[in-house]
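In case you want the letters, here they are:
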Amino acid sequence: MVTLENINDFFNEYPIKDINCSHVILRDYEKIFDVFDNSFGYLSYLEFKSNDDSEIFLGSYPLNGAELWKCKNCGKLQFFYTESVGHFPTTLSIDVNFSKTYQSNPFAKSVTLNKEKVSYFIDTFGFDELKNPEKIEGFNGIKIIDKEDKCIFGYSDYQDKITFNIIADRKILRKIFEFEKS
Ligand SMILES: [Zn+2]
């Protein structure tokens, strides 16, 4: 069974790495793993990578909402995800890059809070940048991150609520999700 923890071993040991598959998506493929982790609430559409691009982050869009599928006929592995921008949802595929390491942390999460809870949020989780939201970088473009750091992008403010995207360890994101619901 593939998990976030063993996915690199699974790819390293997988015998079929370089194959052109002409079989049909969905009909000829079977799902073997869900990257999507619903234990921390809403998915973020934020894309991020590290400075040297040596790793692939499963927590970055679109892989954070993807599934890993295997062709039942030839064994090819592909990530599939649904792009829902526009009128019709489209299923898109991404080949596995066997030369890179897949990182299972950090992940991106969209957070929505009542304004009155912001200072309590900062006391609980840090993220002092929320004290000066006008300095938080906008949502556009692929963000370059240091994977040891947690960070915030794309802040918006509407009526009594604020929304922003956090990149952090999945354990922290689960705690933040509990905070959001409380
Ligand atoms: Zn195939």
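Look up: the structure comes first, before these words.
These numbers were taken from a predicted model, which means no experiment stands behind them.

Caption draft 1: Spotlight on the overall build of the protein. A tally of helices and strands in the protein yields 3 helices and 10 strands. For the protein, the succession of helices and strands along the chain, N to C, is α-β-β-β-β-β-β-β-α-β-β-β-α. Projected onto the principal axes, the alpha-carbon positions of the protein cover approximately 55 × 35 × 30 Å. Split into buried and exposed, the 182 residues of the protein put 42% on the buried side. Across the protein, the fraction of contacts at a sequence separation of at least 24, relative to all contacts at a separation of at least 6, is 65%. Carbon and sulfur atoms make up 48% of the accessible area of the protein, which amounts to about 10500 Å² in all. Taken as two groups, the 22 positive and 29 negative side-chain charges of the protein have centres that lie 3 Å from each other.

Caption draft 2: View of the pattern of salt bridges. Applying the stated criterion to the full structure yields 12 salt bridges. Across the pair Arg170 and Glu5 runs a salt bridge, and its minimum N-O distance is 3.4 Å. Linking Arg170 in helix 3 (residues 170-181) with Glu5 in the segment before helix 1 (7-13), this pair joins segments that are 165 residues apart in sequence. Residue classification places Glu5 among the exposed residues on the basis of a relative accessible area of 60%. With a closest N to O distance of 3.7 Å, Lys49 and Asp53 form a salt bridge. With a relative accessible area of 32%, Asp53 lands in the partly exposed category. Residues joined in a network through salt bridges with shared partners are Lys31, Asp34 and Glu67.

Caption draft 3: Local environment of the coordination of the zinc ion. Binding of the zinc ion to the protein goes through Cys21 (SG), His23 (ND1), Cys71 (SG) and Cys74 (SG), at separations of 2.1 to 2.3 Å. Summarised as a motif, the one-chain spacing of the donors to the zinc ion is C-x1-H-x47-C-x2-C. Of this pair, Cys21 sits in the loop between helix 1 and strand 1 (29-34) while Cys74 sits in the loop between strand 4 (67-71) and strand 5 (77-83), placing them 53 residues apart in sequence. Using a relative accessible area of 23% as the deciding quantity, one classes Cys21 as partly exposed. Assessed through its relative accessible area of 16%, Cys74 is described here as buried.

Caption draft 4: Structural view of the sheet that holds strand 3 (residues 55-59). What the 4 strands build is an open sheet, ordered 3-7-10-9; its pairing is mixed. Each of the sheet's edge strands pairs with one partner strand only, and the pair in question is strand 3 and strand 9 (151-158). When the angles between neighbouring strand axes are averaged without regard to direction, this sheet yields 20 degrees. Each of strand 7 (101-114) and strand 10 (161-168) touches helix 3; the most contacted strand, strand 7, lies at about 15 degrees to it.

Thresholds applied
Residues numbered from 1 in each chain as written. Predicted model: local features only at pLDDT ≥ 70, side-chain atom pairs only at ≥ 80, totals over all residues. Heavy atoms only, no water. Helix = DSSP H or I, 4+ residues; strand = E, 2+ residues; numbered from the N terminus. Buried < 20%, exposed > 50% of the residue type's maximum accessible area, 1.4 Å probe, protein only. Contact = heavy atoms within 4.5 Å. Areas by Shrake-Rupley, 256 points an atom, 1.4 Å probe, with all protein chains shown as cover. Lys, Arg positive; Asp, Glu negative; His and termini not counted. Charge placed at Lys NZ, Arg CZ, Asp CG, Glu CD. Salt bridge = Lys/Arg side-chain N within 4 Å of Asp/Glu carboxyl O. Donors = N, O, S within 2.8 Å, 3.2 Å for Na, K, Ca; no water. Pairing = 2+ DSSP bridges. Axes fitted to C-alpha atoms, helices over the stretch in contact; angles between N-to-C directions.

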